[in-house]
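# What the coordinates show
Okay, here's what each chain looks like letter by letter:
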Amino acid sequence: MKDVDRTTKILLACGVLAATIIPLFIKARFLQHILVMVVLYAVLGEAWNIIGGYVGLVSIGQAAFFGVGSYVSSYLFVEYGVNPWIGFIAAGLITALFGFLVGLPVTRLRGRYFAIATIALGQVMKVLFENWERVGAATGLMLPLGKEGLVNFQFHTSKLQYYYIGLVMLGIIILFMRHMEKSRLGYYFKAIRENEDVASAMGINRTAYKLIAIAISAGITGMCGTFLAQYSLYVEPEYMFNHNISVTIALIAVFGGTGNILGPILGSAILLPISELTRAWMGSTGTGIDMMIYGAFIVLICVYQPEGLMGVVRNIQARTKAQVQQARRGANV
Amino acid sequence: MYLQLTVGGLLLGCIYGLVAMGLSLIYGVMGIVNFAHGAFVMVAMYASFWLNRFIGIDPILSSPLIALLMFFFGVIVYHAVIGKVLEGPFLARLLVTFGLSIFLINCAQFLWSPDYRMVENPIFRGIRMVGPVFIEVPKLMASIGSLIVAGLIYWFVRKTKTGLAIQAISLDRMAASLMGIDIERLNGYAFGLGCACAGAAGAFLAEFYYIFPDVGTMFGLVALVAVALGGFGSTEGALIGAILIGIIETVGGFMVGSEFKYALVFLAYLVIVIVRPRGLLGWGAD
Amino acid sequence: MLRKNWLSRLLVATALVVLALGSTIALAAETIKIGAVYPLTGAVATTGADCRTGVELAVDIINGVYDLDFPFAKSEGLPNLGGAKIEVVFGDTRGDPTQGMAETERLITEEGVVAVIGGYQSGVVKTASMASERLQIPYVLSDATSPALTERGFEWFFRVIPHDGIQAKNALEMVKDIEAKEGTKLSRIAILWENTEWGANVAKAMRDWMDEYGFTMVADVPYAYRATDVTSEVLKLKSANPDVVIHASYVSDAILFTQTFKALDFSPKMLIGMAGYLDPSYLSTVGKDGEYFFVRAVYGLDLAARKPIVAEINELYKQKYGRDMSPNAARSFSAPFVVADAINRAGSADPAAIRKALLETNMAADDLISPYEGVRFDPETHDNVLGKSLYLQIQDGQFRVVWPFDLAAVPYVFPFPGWKK
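The sections below set out a description of the structure shown in this document. The model shown is predicted, which means the values in this text are computed figures rather than measured ones.

Attention now moves to the overall build of chain B. When you go through chain B residue by residue, the secondary structure sums to 11 helices and 2 strands. In chain B, the succession of helices and strands from N to C terminus is α-α-α-α-β-β-α-α-α-α-α-α-α. Taking 19 Å as the expected radius of gyration for a compact globule of 286 residues, we find that chain B reaches 18 Å, a close match to that expectation. If one aligns the C-alpha atoms of chain B with their principal axes, the spans along those axes are about 60 × 50 × 35 Å. Counting contacts in chain B only where the partners sit at least 6 residues apart, residues at least 24 apart contribute 76% of the total. With the model as given, the accessible surface of chain B reaches about 10,400 Å², and the carbon-plus-sulfur share is 70%.

Shown next as structure tokens:
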């Protein structure tokens with residue numbers, strides 16, 4: 001048992017080290033872009049995981065939160081010249097509040113009714129922003145190019161800075177989730193996921209905890225919105241509230257495996273490069289073959305690997321554990 | 001003016017309804033939310049188009065054939081993909097059809113290019129004036145077809161042995177299996193039947209609507225909301241939900257502003273499920 | 001065991017993809033690469049594919065030897081660079097701004113392109129041109145018309161096509177001209193626009209010019225371009241009873257509106273369409289129902305009457321693709337020439353030198369198949385100061401040039417004869 005834990009820990013440490021050091025040697029911007037997308041979606045996947053994996057409310061409308069967050073910071077910046085980092089925090093807080101408010105009615109729903117309600121929410125928000133003159137309506141907002149640097153949250157010569165900001169976000173959220181997993185909050189979340197009615201009978205205020213989960217998840221997703229806004233320096237409803245963002249987030253979680261910390265990171269680290277590389281490789285033929293492969297890939301995952309990659313990891317772990325035990329038994333004999 | 005809008009909404013709703021009923025049937029029996037339903041409609045539209053192009057059958061006349069073809073297509077898809085995830089976790093069941101949809105849409109682009117196509121010289125075309133209201137003949141035909149299919153499904157599910165067995169599965173899978181019902185086979189039939197509905201819808205649409213790889217997406221999404229609105233698992237509910245959505249879209253779009261019409265549709269869904277968390281006529285598990 | 005296999009297969013597949021990528025990068029030599037980003041998959045893929053053909057033909061003419069009185073036609077490659085050839089690397093934006101930016105960056109940094117063209121959708125061009133601005137690579141746009149694009153003060157961004165502000169002005173000028181000629185009053189105008197970045201900007205430009213020309217706007221109707229049904233939109237227009245409807249649309253919505261106009265017997269005196277109406281699949285889909293629509297364009301086959309070169313190039317296009325060159329393909333056709341001209345004058349493929357040469361661009365009207373009076377960029381905004389748009393009318397299944405009157409090939413049909421024809 002201990003041996004397995006130790007190898008896992010060593011592997012994890014290697015992973016962290018690799019994620020920090022290797023990118024320093026990557027000079028190709030396109031690869032840097034893929035790295036940025038990987039960390040961004042890893043964070044988004046974790047945020048999804050809080051409601052989807054731990055509380056068991058499947059959301060396919062995270063783009064609603066993502067878009068709101070991106071608009072909060074961009075609007076503050078364009079209209080009032082507020083520093084994007086303050087906008088980043090504001091995006092987190094306002095989106096969390098927004099998540100809480102829409103959560104009030106929506107958390108009553110279960111299963112696919114909830115899932116479809118989140119799709120509906122995403123679509124409604126998109127239409128509202130498309131018609132809201134104040135924030136540029138369908139034209140969106142352009143963030144002026146400024147001096148590059150950490151203070152302005154804009155980098156032009158390299159994308160690595162974005163990557164490291166994303167990595168720090170990911171680190172913080174991982175620490176938070178580790179803490180959450182061991183706290184009362186985490187147990188309550190899981191209790192609600194396993195059986196809502198029983199949890200409620202045990203005296204857990206399920207509505208309150210669901211709302212907490214949604215608010216946290218929305219807040220983090222909103223901050224990611226700011227991140228993408230600063231990355232592309234442009235926000236537009238069609239772009240920030242895109243249904244594909246919601247779907248990709250959910251797919252990453254499924255692919256990686258839900259209800260644990262590592263899943264979404266693994267999912268993002270494998271799914272996004274595949275999507276980007278197939279496009280770069282075959283997208284220019286214009287035949288849709290890259291998206292065909294992507295679609296087929298998703299189907300194959302759902303059919304053959306429905307527990308996600310973490311399912312594979314767990315299987316390997318179980319097998320090594322068995323081998324270790326067998327080896328011990330052998331030694332004892 | 002409002003009469004015209006309501007009639008337009010009604011016709012549109014019937015077409016959504018045809019797509020929605022298949023969706024609801026599939027859900028009711030095996031608990032799969034089929035996000036690829038719009039893509040199935042698209043496949044059926046292309047099938048009608050090619051039949052028309054090469055053999056010269058009008059899409060509305062070929063609709064039974066298309067429905068039959070789509071039935072087999074559905075059975076194959078069920079046994080190749082859907083049946084294998086039924087026992088899997090909720091998320092895999094929810095997302096497998098997303099993948100299927102992306103795959104089918106891009107397959108169509110690969111095979112038939114992204115060009116827009118339209119059936120030439122359909123039999124049913126033109127406009128009839130009924131009092132002060134303009135009615136498009138092909139839309140009227142599609143709506144009538146939709147009601148006929150609704151009647152057929154009603155009859156099938158309630159009066160035939162297979163239909164009753166399918167109903168038994170959706171009520172209690174375990175008990176049905178104990179009573180000797182071959183669940184795997186019947187699931188396949190039910191999925192095929194759902195696809196046949198999409199097939200009929202596609203054939204009717206092909207009579208008057210243009211065809212391109214992404215054409216089904218919006219129909220699929222609206223139908224999904226219609227099903228959820230009517231309550232998952234209830235085909236009657238799906239039809240009612242769809243008609244309601246059609247009317248909200250046209251009348252509501254006219255009154256509030258057409259740029260908001262899809263927001264209204266989704267908002268209506270949110271309001272209804274908040275009041276009735278299982279939709280208008282929904283039952284069964286979540 | 002099975003699972004492990006599956007994983008290893010996945011790894012191998014990924015490795016193969018990476019390798020294949022690497023090998024394409026290694027091929028870069030001698031030719032000068034320019035990048036072209038277009039929506040090659042997704043809802044507007046058909047237009048992306050159409051634009052692509054225009055670019056391909058342009059590059060054929062630049063690289064090969066053709067007996068045409070056109071820049072770079074008679075010589076092989078670029079004469080000032082010892083006959084160096086141009087190679088276009090295409091990127092797929094999927095119609096999504098993030099992908100557009102990523103593809104542009106990939107083309108610049110991985111493929112080593114020295115200039116970028118294309119985009120088509122204004123929203124995508126916003127981020128794509130941002131990428132080239134950041135990386136200091138010239139971006140020459142000949143197919144997106146949102147005025148906001150050149151209002152950003154970018155240093156590396158140039159636009160050949162006249163923007164919506166000018167095109168809106170042209171539309172109203174045409175209405176004025178027809179009013180004067182027919183001696184009627186066409187004061188009630190309705191605008192109908194797809195509600196994304198591009199349509200919203202057209203609408204804005206229209207509103208700005210409408211007062212100036214003394215028109216009254218009787219309806220202002222935005223809609224979602226993915227709509228499955230537009231009954232409510234058309235009834236709204238109908239109840240406003242406009243003389244003229246100006247419609248900013250993509251392809252599928254252009255088709256749907258045309259059908260619904262007919263179904264609800266909505267026939268204003270003039271219907272003016274944009275963009276989507278020009279797509280070859282619009283006319284092939286709606287057939288006769290498209291008759292007598294006015295369509296904004298920067299190209300028309302009829303121009304051949306005044307510019308024989310248009311017919312010659314169309315002949316080449318027809319040989320290659322088996323159909324007439326569409327206005328969208330013709331729009332995209334001009335960008336490679338502007339870029340090639342700049343590279344040739346710069347005498348080098350250095351981006352900064354190309355940018356400098358672009359600023360000094362002075363192409364004559366004869367060097368273009370568009371109705372522009374030439375290409376010369378404004379030193380501040382980098383918009384083409386010689387740009388000009390045309391209006392075509394669909395007559396007997398053909399786009400015929402009807403405005404400006406001095407370029408018109410056939411007389412216009414006015415008023416719209418209605419649907420019972």
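Next up on the list: the sheet that holds strand 4 (residues 139-141) of chain C. All names here are of chain C. Pairing is parallel across the open sheet formed by 5 strands, whose spatial order is 2-1-3-4-5. Both outer strands of the open sheet, strand 2 (86-92) and strand 5 (157-159), are each paired with one neighbouring strand and no more. On average, each strand axis in the sheet is inclined to that of its neighbour by 25°, with strand direction left out of account. Strand direction decides the pairing type here: strand 1 (residues 32-38) and strand 3 (residues 115-118), joined by 4 bridges, are parallel. The partner of A36 across the bridge, within strand 3, is I117.

So, about the layout of surface pockets. In this structure, the largest pocket spans a volume of roughly 2,300 Å³. Around the largest pocket, the lining is made up of 48 residues, and of these L11, L12, L262, I265 and L266 of chain A lie nearest the centre. Looking at the lining of the largest pocket, the elements that each hand over two or more residues are helix 1 (2-21), helix 2 (29-55), helix 6 (160-182), helix 12 (262-282) and helix 14 (309-332) of chain A. Top element by residues in the lining of the largest pocket is helix 1 of chain A. It accounts for 13 residues. Along the lines of polarity and charge, the residues of the lining of the largest pocket split into 31 nonpolar, 10 polar and 7 charged. By volume, the second largest pocket is sized at about 990 Å³. Around the second largest pocket, the lining is made up of 40 residues, and of these M118 of chain B together with Q259, K262, V286 and D289 of chain C lie nearest the centre. Ranked by the residues each element gives to the lining of the second largest pocket, the list is headed by helix 8 (residues 251-263) of chain C, at 5 residues. Classifying every residue of the lining of the second largest pocket gives 18 nonpolar, 10 polar and 12 charged.

This part covers the packing of helix 2 (residues 37-54) of chain B against helix 8 (residues 183-208) of chain B. For any two helices packed against each other, one specifies the inter-axial angle together with the distance between the axes. Residue and element names in this part refer to chain B. Following both chains from N to C, one finds helix 2 and helix 8 inclined at 55°, their axes separated by 7 Å at the closest point. Taken together, helix 2 and helix 8 sit at an angle that is classed as oblique. The chirality of how helix 2 crosses helix 8 is right-handed. Across the interface between the two elements, H37, F40, V41, A44, M45 and S48 of helix 2 pack against F191, G194, C195, A198, G199, G202, A203, L205 and A206 of helix 8. Here the residues of the contact of helix 2 with helix 8 are counted per class, giving 10 nonpolar, 5 polar and no charged.

Let us now look at empty space enclosed by the protein. A complete count under the given rule lists 9 cavities of 30 Å³ or more for this structure. Reported here for the second largest cavity is a volume of approximately 190 Å³. Surrounding the second largest cavity, 17 residues form its lining, F212 and D214 of chain B together with Y225, R226 and S252 of chain C being those nearest its centre. Mapped onto the lining of the second largest cavity, the elements with two or more residues apiece are helix 9 (216-230) of chain B together with helix 8 of chain C. In the lining of the second largest cavity, the residues fall into 12 nonpolar, 3 polar and 2 charged.

To continue, consider the pairing of strand 3 of chain C. All names here are of chain C. Strand direction decides the pairing type here: strand 3 and strand 4, joined by 2 bridges, are parallel. Note that in strand 4 the partner of V116 across the bridge is Y139. Handedness of the crossover joining strand 3 and strand 4 through helix 4 (residues 122-135) is recorded here as right-handed.

On the surface, L140, I144, I148, L152 and W155 of chain B cluster together into a nonpolar patch covering about 480 Å² of accessible area. Within the secondary structure, L140 of chain B is located in helix 5 (residues 137-159).

What follows deals with the interface of chain B and chain A. The interface of chain B with chain A comprises 44 residues on the first partner and 43 residues on the second. Our count for the contact surface shared by chain B and chain A stands at 2 residue pairs in polar contact (both at pLDDT 80 or more). Taken together, the elements giving at least two residues each to the side of chain B that touches chain A come down to helix 3 (59-85), helix 4 (90-112), helix 9 and helix 11 (261-275) of chain B. If you tally residues by element for the side of chain B that touches chain A, the top one is helix 4 of chain B, at 16 residues. The residue inventory of the side of chain B that touches chain A, partitioned by class, reads 32 nonpolar, 7 polar and 5 charged.

Another point: the interface of chain B and chain C. With 32 residues of chain B in contact, the opposing surface of chain C contributes 34 residues. Counting across the chain B and chain C interface gives 2 salt bridges. For K139 of chain B, the salt bridge goes to D229 of chain C, with nearest N and O atoms at 3.2 Å. Joining chain B to chain C, the criterion identifies 11 residue pairs in polar contact (both at pLDDT 80 or more).

This part covers the pattern of salt bridges. All names here are of chain C. Applying the stated rule across the entire model yields 34 salt bridges over all chains. A salt bridge links D302 to R400; the nearest nitrogen and oxygen atoms lie 2.9 Å apart. Pair noted here: D302 is in the loop between strand 10 (294-297) and helix 10 (308-321) and R400 is in strand 14 (residues 398-403), with a separation of 98 residues, a long-range link. E360 is the partner of K356 in a salt bridge, and the nearest nitrogen-oxygen pair spans 3.9 Å.

A separate point is helix 1 (residues 2-30) of chain B. Compared with the 42 Å implied by 1.5 Å per residue over 29 residues, the 40 Å span of helix 1 of chain B between its first and last C-alpha is a close match. Remark: G31 of chain B follows helix 1 of chain B within two positions and exhibits a positive phi of approximately 70°.

Residues and elements named next belong to chain C. Pairing within the open sheet is mixed, and its 7 strands lie in the order 7-6-8-9-10-13-14. Both outer strands of the open sheet, strand 7 (216-223) and strand 14, are each paired with one neighbouring strand and no more. Each strand of the sheet is rotated relative to its neighbour by a mean of 25°, with strand direction disregarded. Pairing of strand 13 (residues 390-395) with strand 14, which is carried by 5 bridges, proceeds in the antiparallel orientation. By the bridge assignment for strand 14, Y391 is matched with W403. The strands touched by helix 6 (residues 197-212) are strand 6 (188-194), strand 7, strand 8 (244-248) and strand 10; relative to strand 6, the strand with the most contacts, the crossing angle is about 160°. Against the sheet, helix 7 (residues 231-240) engages strand 6, strand 7 and strand 8, with an angle of about 175° to strand 7.

Here we come to the side chain of Q123 of chain A. Within the fold, Q123 of chain A resides in helix 5 (residues 111-130). Residue classification places Q123 of chain A among the buried positions, given a relative accessible area of 14%. Contacts of Q123 of chain A, omitting those with residues within four sequence positions, involve H243 of chain A together with L221 and F266 of chain B.

Residues and elements named next belong to chain A. You can see L277 is positioned in helix 12. On the basis of relative accessible area, L277 is assigned to the buried category, the value being 8%. Expressed as a C-alpha distance, the spacing of L277 and D290, which sit 13 residues apart in the sequence, is 8.9 Å.

Definitions and limits used
Residues numbered from 1 in each chain as written. Chains lettered and ligands numbered in written order. Predicted model: local features only at pLDDT ≥ 70, side-chain atom pairs only at ≥ 80, totals over all residues. Heavy atoms only, no water. Helix = DSSP H or I, 4+ residues; strand = E, 2+ residues; numbered from the N terminus. Rg over C-alpha atoms; globule rule 2.2 N^0.38 Å. Contact = heavy atoms within 4.5 Å. Areas by Shrake-Rupley, 256 points an atom, 1.4 Å probe, with all protein chains shown as cover. Pairing = 2+ DSSP bridges. Axes fitted to C-alpha atoms, helices over the stretch in contact; angles between N-to-C directions. 1 Å grid on protein atoms, 1.4 Å probe; cavity = no way out; pocket = protein on both sides within 12 Å on 5 of 7 lines; lining within 4 Å. Points joined across faces, edges and corners; volume = space filled by probe spheres on them. Nonpolar A, V, L, I, M, F, W, Y, C, P; charged D, E, K, R; others polar. Parallel < 35°, antiparallel > 145°, perpendicular 65-115°, else oblique. Left-handed = near helix turned anticlockwise from the far one by under 90°. Right-handed = clockwise from strand over helix to strand, strands pointing away. Patch = residues over 30% accessible without salt bridge, like charges linked within 9 Å, V, L, I, M, F, W, Y side chains within 5 Å. Salt bridge = Lys/Arg side-chain N within 4 Å of Asp/Glu carboxyl O. Polar contact = N/O pair within 3.5 Å; in protein donor to acceptor, adjacent residues only side chain to side chain. Expected span 1.5 Å × (residues − 1). Buried < 20%, exposed > 50% of the residue type's maximum accessible area, 1.4 Å probe, protein only.

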